[in-house]
Structures are given as structure tokens and as C-alpha cells.
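A structural walkthrough
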Amino acid sequence: MAAGQYDIGVGADAPASARPRGARMPRRERRAQLLESALGVFVASGYHAAAMDDIAERAGVSKPVLYQHFPGKMDLYLALLDTSCDQVIDNCRDALASTQDNKQRVAATMDVFYDYVANDNGAFRLVFESDLTNEVAVRQMVDRVTNECAAMIAEVIREDTGLPDEASRLLAVSLVGMAQVSARFWLNDTAGIDRSDAAALIAGLAWRGIRGYPKADEH
């Protein structure tokens, strides 16, 4: 899975001059453009320091146009966060469905998280490093990534091993946590390791652990 799969649309770093101010476009395209511009501002400044003026300027639109689509900064942030969460969850689902070989499934799932944090748009900071986790709506969205990815992985574990739901879910949450934390650590502290090598290293660790649970038909 290429990191580009996480692009929302127009490049987050595209200058406002590339988008003529006042140019009319379909509502859906305008919304995508505003989200892309907001991503660049939120990632660079964090929620509290980001200003709607900055987002409007980056998008090359007036503030009234921005407010037509998003009534306030929190509405814009939540819309962007929701999109980012959906991308991780959808890619996790695709990874699990891409093969019936569980070793390859582990590797593909690790790739999802490493590709996500390695993407140049920095969207992972909204999901995994948000400065708004004390806000209930934000916390729920961030938790949704862990919960939904873990639920999909737990289903595979339960079907293959026959373990109880609770045990399968705990193992699945542990695998997701391993992927999230190690990917962020790799990005910040171990850039000397190639992305694919780092993902493969952690996938190997995860596989050596999870394969220890025999398949149900082997009991």
C-alpha cells in the first residue's frame, strides 16, 4: 500500500496561488479543498494555534466561504479527523481481505500503519497525536481507529484459533497498539531504518507471537 493512498485530494502544501481566489467549483470539490488546506494548518500549528483566517488564506477563499461549509473550527477539525480515521480503518480492512495467509495479513496490517505515519501530509498527527483528546468527540473518533481495526483483527483471530471473544479482542488490541506505537517511534527516532524494513521487523515480531496460538482445526 503506497503512502499516497492517504492523500485527501489536492496536495496539502499546494500554495493558495495555485487555487484562484473566488473561483467557483462544485460544493463537494470545494469541501475537499478546504479539508486539504485545513490539514496543512492543523498539522503545522496544532488545533489551538490554528486560525480560520490561515485556513481560508491557504485555500484561497474568503472566510465567509469557509464558514458556509464549516460553521466553526471544531466542525472543520472533526470532519478532517473523521476522514483520516476512515482512511486508516478502510486500509486495515483491505489489508486483512488481501490474503488468506495470516503471516501476510500481519505484514499487510503493519504496512497500513507505517504507510500512514510516513505520509508527507502528516494526517497521522491528528489521529495519534491530537492535542484535543480531552474533547469527548475527538477522543471517540481517535478510539474508533483502535476499536474498529482491533474488531476486524479479533474476528480473524477468533475464527482461526477458537479463542473466546475477550481473549481475541485483547490480542487484537495489542497488535494494533504495537503497530501504532512502533510506527510513530520509527518516524521520530529511528529514521535510519527504511520504512519497509521497519514494518517488516515489527511484523516479524508480531507474527512470532500470534502464530503460537494453534488454529482451531489443529487442536
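Residues numbered from 1 in each chain as written. Predicted model: local features only at pLDDT ≥ 70, side-chain atom pairs only at ≥ 80, totals over all residues. Heavy atoms only, no water.

The protein chain is annotated in an unreviewed UniProt entry as Fatty acid metabolism regulator protein of Nocardioides dokdonensis FR1436.

All right, on to the pattern of salt bridges then. On inspection of all chains with the given rule, the structure shows 11 salt bridges. Two residues, aspartate 165 and arginine 158, come together in a salt bridge whose shortest N-O distance is 3.3 Å. Under the relative-accessibility criterion, aspartate 165 is labelled partly exposed at 46%. Salt bridges sharing common partners tie together Asp82, Asp86, Arg144 and Glu148. (Salt bridge = Lys/Arg side-chain N within 4 Å of Asp/Glu carboxyl O. Buried < 20%, exposed > 50% of the residue type's maximum accessible area, 1.4 Å probe, protein only.)

Bringing the packing of aromatic side chains into the picture now. For the structure on display, the rule yields 6 aromatic pairs. Judged by centre distance (5.1 Å) and plane angle (90°), the rings of phenylalanine 42 and tyrosine 77 are edge-to-face. Residue phenylalanine 42 is found in helix H1 (residues 27-49), and its partner tyrosine 77 is found in helix H4 (residues 73-97); the two are separated by 35 residues along the sequence. This pair shows no difference in class: phenylalanine 42 is buried, exactly as tyrosine 77 is. When the ring of tyrosine 47 is compared with that of tyrosine 77, the centres are 5.3 Å apart and the planes differ by 75°; the resulting orientation is edge-to-face. You can see tyrosine 47 sitting in helix H1 and its partner tyrosine 77 sitting in helix H4, a full 30 residues away along the chain. In this structure, tyrosine 47 and tyrosine 77 share a single accessibility class: buried. Taken together through their ring pairs, the aromatic side chains of Phe42, Tyr47 and Tyr77 make up a single cluster. Over the ring of tyrosine 47 we find lysine 73, and its NZ or CZ is 4.4 Å from the ring centre. (Phe/Tyr/Trp six-rings, centres within 6.5 Å; stacked < 30°, edge-to-face > 60°. Helix = DSSP H or I, 4+ residues; strand = E, 2+ residues; numbered from the N terminus. Lys NZ or Arg CZ within 6 Å of the ring centre and 35° of its normal.)

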